[in-house]
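# Coordinate analysis (summary)
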Amino acid sequence: MKKIDVIVDEQKAGELFYEQDKNSYGFNYTADHKPISLIMPYRASTYNWKYKLHPIFDMNMPEGYLFEIFKKYLSKEYGYIDDFLIFSHLCVNIQSRLTYDSPIAKDEFASYDRDEILNNDTPDTFAKIMTAFLTKNAISGIQPKSLALLSDKESLTTKEYIIKTWGDEYSELALNEYFCLKTVEKAGVVIPNIQLSKNNKFLLVERFNYDKTTNKFLGFEEILVLLGKNKDEKYSGSYEQVTKVVYSVTTNKIESMKALYKTIVMNYLLRNGDAHLKNFGILYDEEIKNIYFAPAYDIVNTVVYFNKDRPALSMFGKKLWFGKKKLVKFGVENCYLSQSEAVHLYAVCQNALQSGIQELENYVRIHKPFEEIGSKMLGIWKVSQDGKTYKEILLETL
């Protein structure tokens, strides 16, 4: 039986194991310690999970581009591939509230100069980063991305970043996400620290799971984890489920629900059709006394690439682009807001969108390579600015 030690606050909490003949995963606490997940409190009996890793571990498994790289790399070396093998190679290099001891040795990573990466955003640079930090890439998502340790000469600090790039199928994705996140920020929603590279080929996203005041890693869990689901179920959910979970677990419920509501509204206004259950999360401190909605992340305009794209999660039982009336109703019925609060917060989001439109218009006017995608984004956002319902939008496309 293969095992991995799971550690919380430098103390072993338990063991993750895999029974290959049964294709079954299990976790046993070996000490009455802090929970490894909010949905996995201490108990004497085994937490069994059939066919897939437990959600708190599965959260870190690579998808899409990264998964294919790992599949090729590990299949060649071992002659087979499974989730436990991948996780064994990744987990020892994870920097988070949970750390691990695996049969696979921990790797040592040298940091790269952040300015050098920002000024040399070429495919060769990305390939170099991907190769150097391959076994550190415990991150999900379909698009090409890689974790990296980057140093800042001025502050003499080294931080963990996600470097995102794009291929021909999702042209100018870095700029797309940058403008979407910056527009969300205008609505008063916290976002990670982000920075574009010189030629807009990379978007650098600073990890937000570290508390600089205490020098401790924060607990982070996706809504998918809190629902007890795995990554292949990330589209099988609703915004009602998201709001219910966030309200039930957070300790600053009013602030978290307002932040969540504005994030949901902005996903609709910006037309982000990939806001699935992995793209919302919560953070908590070392003692699990302060639990709150995490910064908004992974927000892009997907309709610019897929004209008929629809929301990843359902609302009122449907995956449709609702307008102001329905979104305000959702805020009242599911986010514990009064009618006036929901109307006000929706107006805040509309104002943020208007500001985002103006900023994007100015950028497109000067930066011609982004004109095609940027102009399409502007057209889509201006329809959202009108607060129209999905029925009105559909009638305009007929």
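Here, every reference points to the structure presented above.
Residues numbered from 1 in each chain as written. Predicted model: local features only at pLDDT ≥ 70, side-chain atom pairs only at ≥ 80, totals over all residues. Heavy atoms only, no water.

## Considering unusual backbone geometry
Note the following rule: Counting from the N terminus, the helices are the DSSP runs of H or I reaching at least four residues and the strands are the DSSP runs of E reaching at least two. When accessible area is computed with a 1.4 Å probe and restricted to protein chains, residues below 20% of their type maximum are described as buried, those above 50% as exposed, and intermediate ones as partly exposed.
In this structure, Asn-23 is a non-glycine residue whose phi angle is positive, near 50°. By secondary structure assignment, the location of Asn-23 is in the loop between β2 (11–19) and β3 (24–29). Judged by relative accessible area, which is 29%, Asn-23 ranks as partly exposed. With a phi close to 55°, Ile-288 is a non-glycine residue in the positive phi region. Topologically, Ile-288 is positioned in the loop between β14 (281–284) and β15 (291–293).

## With respect to the side chain of Ser-146
Where we set the bar: When checking whether two residues touch, look at their non-hydrogen atoms; a contact exists if any pair is within 4.5 Å.
Here Ser-146 lies in strand β7 (residues 145–152). The exposure class assigned to Ser-146 is buried, which follows from its relative accessible area of 0%. With sequence-adjacent residues up to four places away left out, Ser-146 is seen in contact with Phe-126, Ile-129, Met-130, Phe-133, Asn-137, Ile-139, Tyr-161, Ile-162 and Ile-163.

## A closer look at the pattern of salt bridges
Spelled out, the test is: Any Lys or Arg side-chain nitrogen found within 4 Å of a carboxyl oxygen on Asp or Glu counts as a salt bridge.
On inspection of all chains with the given rule, the structure shows 23 salt bridges. For Lys-231, the salt bridge is made with Asp-58, and the minimal N-O distance between the two is 2.9 Å. Placement of the pair is Lys-231 in the loop between α7 (223–226) and α8 (239–249) and Asp-58 in helix α1 (residues 55–58), with a sequence separation of 173 residues. For the pair formed by Lys-231 and Asp-58, the shared burial category is buried. Lys-136 serves as the salt-bridge partner of Glu-160, at 3.1 Å between the closest nitrogen and oxygen. Taken as a pair, Glu-160 in strand β8 (residues 157–164) and Lys-136 in the loop between α5 (123–132) and β7 lie far apart in primary sequence, 24 residues in all. The pair Glu-160 / Lys-136 is uniform in exposure class, with both members buried. In the salt-bridge network here, residues are joined through shared partners; they are Lys-3, Asp-5, Lys-12 and Glu-15.

## Considering the layout of surface pockets
So the rule is basically this: The distinction between a cavity and a pocket rests on a 1 Å grid over the protein atoms alone: a 1.4 Å probe fits inside a cavity but cannot get out, while a pocket stays open yet meets protein on both sides within 12 Å along at least five of seven lines, and a residue with an atom within 4 Å of a point counts as lining. Grid points are joined across faces, edges and corners, and a volume is the space filled by probe spheres set on the points. Residue polarity follows a fixed list, in which Ala, Val, Leu, Ile, Met, Phe, Trp, Tyr, Cys and Pro are nonpolar, Asp, Glu, Lys and Arg are charged, and the others, Gly among them, are polar.
The calculated volume of the second largest pocket comes to roughly 480 Å³. If you trace the second largest pocket, you find 21 residues lining it, with Glu-206, Arg-207, Phe-208, Tyr-210 and Lys-212 closest to the centre. Secondary-structure elements contributing two or more residues to the lining of the second largest pocket are β8 and β11 (210–211). Looking at which element gives the most residues to the lining of the second largest pocket, the answer is β8, with four residues. A class-by-class count of the residues in the lining of the second largest pocket yields ten nonpolar, five polar and six charged.

## Looking at a positive patch on the surface
Here is the rule: The patch calculation keeps residues exceeding 30% relative accessible area without a salt bridge and links them within 9 Å when they carry like charges or within 5 Å when they are nonpolar (Val, Leu, Ile, Met, Phe, Trp, Tyr). Areas reported as accessible are Shrake-Rupley estimates using a 1.4 Å probe. Residue values count occlusion only from the protein chains shown. Counted as positive: Lys and Arg. Counted as negative: Asp and Glu. His and the chain ends are not counted at all. A charge is said to be at NZ when it belongs to Lys, at CZ for Arg, at CG for Asp and at CD for Glu.
On the surface, a cluster of positive charge is made up of Lys-318, Lys-325, Lys-326 and Lys-329. On the accessibility criterion, Lys-326 (31% relative accessible area) is partly exposed.

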